[in-house]
Amino acid sequence: MAKPVHSMVRVLDEERSLKYYRVAFGLEPADRIAFDDFTLIYLRHPSSPFELELTVNADRTEPYQLGDGYGHLAVVVDDVAAEHARFERENLAPGPLRELRHDGDVLARFFFAADPDGYKIEVIQKGGRFG
């Protein structure tokens with residue numbers, strides 16, 4: 001059986017991205033591997049072994065074009081309204097707090113944020129299938 005271990009995004013500015021993921025989601029570097037042309041930085045939260053791999057290409061000076069195929073990463077939080085307010089206080093530019101309904105029932109409460117390179121992250125209220 002396959003076990004998910006990481007998701008990778010390419011980032012332009014290592015320090016800016018590290019700061020964003022630390023402040024926004026409490027992710028800290030678990031490993032850093034430097035090669036001649038690129039560096040891989042694995043970020044992890046203490047609550048999960050799953051990692052976000054940041055790839056920093058040494059010669060890259062232009063922002064990445066995300067295209068129309070990228071979806072988003074998702075994280076769960078205990079109190080999405082409090083987290084939304086924290087994002088606002090930290091000037092992390094959260095999108096509006098939303099609810100997803102199906103047949104009149106609230107399936108999820110969430111908001112989206114974007115990292116410095118434009119990658120979308122969905123922040124979801126813990127509960128239901130997002131436990």
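Here the structure is shown first, and the text comes after it.
Residues numbered from 1 in each chain as written. Predicted model: local features only at pLDDT ≥ 70, side-chain atom pairs only at ≥ 80, totals over all residues. Heavy atoms only, no water.

The four strands lie next to each other as S5-S8-S7-S6, forming an open sheet whose pairing is mixed. In this open sheet, the two edge strands, each paired with only one partner strand, are strand S5 (73-77) and strand S6 (98-102). Between one strand axis and the next, the sheet turns by 30 degrees as a mean value, whatever way the strands run. Two elements, S5 and strand S8 (residues 120-125), share five bridges in a ladder whose sense is parallel. Bridging from a neighbouring strand, Leu73 pairs with Ile121 of S8. Relative to S8, helix H1 (residues 14-25) is tilted by about 10 degrees, and along the sheet it contacts S5, strand S7 (105-114) and S8. Relative to the sheet, helix H2 (residues 80-89) contacts S5, S7 and S8, its axis offset from that of S7 by approximately 15 degrees. (Pairing = 2+ DSSP bridges. Helix = DSSP H or I, 4+ residues; strand = E, 2+ residues; numbered from the N terminus. Axes fitted to C-alpha atoms, helices over the stretch in contact; angles between N-to-C directions. Contact = heavy atoms within 4.5 Å.)

Turning our eyes to something else, we now look at the sheet that holds strand S3 (residues 38-44). The mixed open sheet is built from four strands, whose spatial order is S1-S4-S3-S2. Edge positions in the sheet fall to strand S1 (6-10) and strand S2 (28-34), since each of these pairs with one other strand and no more. In this sheet, adjacent strand axes meet at a mean angle of 20 degrees when their direction is disregarded. Relative to S3, S2 is paired through six bridges, and the arrangement is antiparallel. Note on S3: the bridge partner recorded for Arg32 is Ile41. Packing against the sheet, H1 makes contact with S1, S2, S3 and strand S4 (51-57), and its axis sits at approximately 165 degrees to S4.

Enumeration according to the criterion identifies eight salt bridges in this entry. Measuring nitrogen to oxygen at the nearest pair gives 2.7 Å for the salt bridge that ties Arg86 to Glu83. Taken together, the positions of Arg86 and Glu83, both in helix H2 and three residues apart, correspond to about one turn of that helix. Across the pair, exposure class does not vary: Arg86 and Glu83 are buried alike. Among the ionic pairs, Arg109 bridges to Glu99, the shortest N-O distance being 3.6 Å. A residue pair is termed long-range when its members are at least 10 positions apart, and Arg109 in strand S7 and Glu99 in strand S6 qualify at 10 residues. (Salt bridge = Lys/Arg side-chain N within 4 Å of Asp/Glu carboxyl O. Buried < 20%, exposed > 50% of the residue type's maximum accessible area, 1.4 Å probe, protein only.)

Let us look at the nonpolar core. Formed by 23 residues in total, the largest nonpolar core has its most connected members in Tyr20, Tyr21, Phe25, Leu43, Leu52, Leu54 and Phe87. Listing elements by their share of this core, those giving two or more residues are H1, S3, S4, S5, H2, S7 and S8. Per element, the largest residue contribution to this core is five residues, and it comes from H1. What Leu54 contacts, discounting residues up to four positions off in sequence, is Val9, Val11, Ser17, Leu18, Tyr21, Thr39, Leu40, Ile41 and Leu43. (Core = buried A, V, L, I, M, F, W, Y, C linked by side-chain atoms within 4.5 Å.)

Moving on: H2. Taken as a whole, H2 has its buried residues at Val80, Glu83, His84, Arg86 and Phe87. Buried residues along H2 cover an arc of 160 degrees about the axis, so they all sit on one side. The elements touched by buried residues of H2 are H1, S5, S7 and S8. (Arc of directions from axis to C-beta.)

This part takes up the packing of aromatic side chains. Taken as a whole, this structure holds seven aromatic pairs when the rule is applied. Members of the aromatic cluster, joined through ring pairs, are Tyr20, Tyr21, Phe25, Phe87 and Phe111. Taking NZ or CZ as reference, Arg60 lies 4.0 Å from the ring centre of Tyr64, over its face. (Phe/Tyr/Trp six-rings, centres within 6.5 Å; stacked < 30°, edge-to-face > 60°. Lys NZ or Arg CZ within 6 Å of the ring centre and 35° of its normal.)

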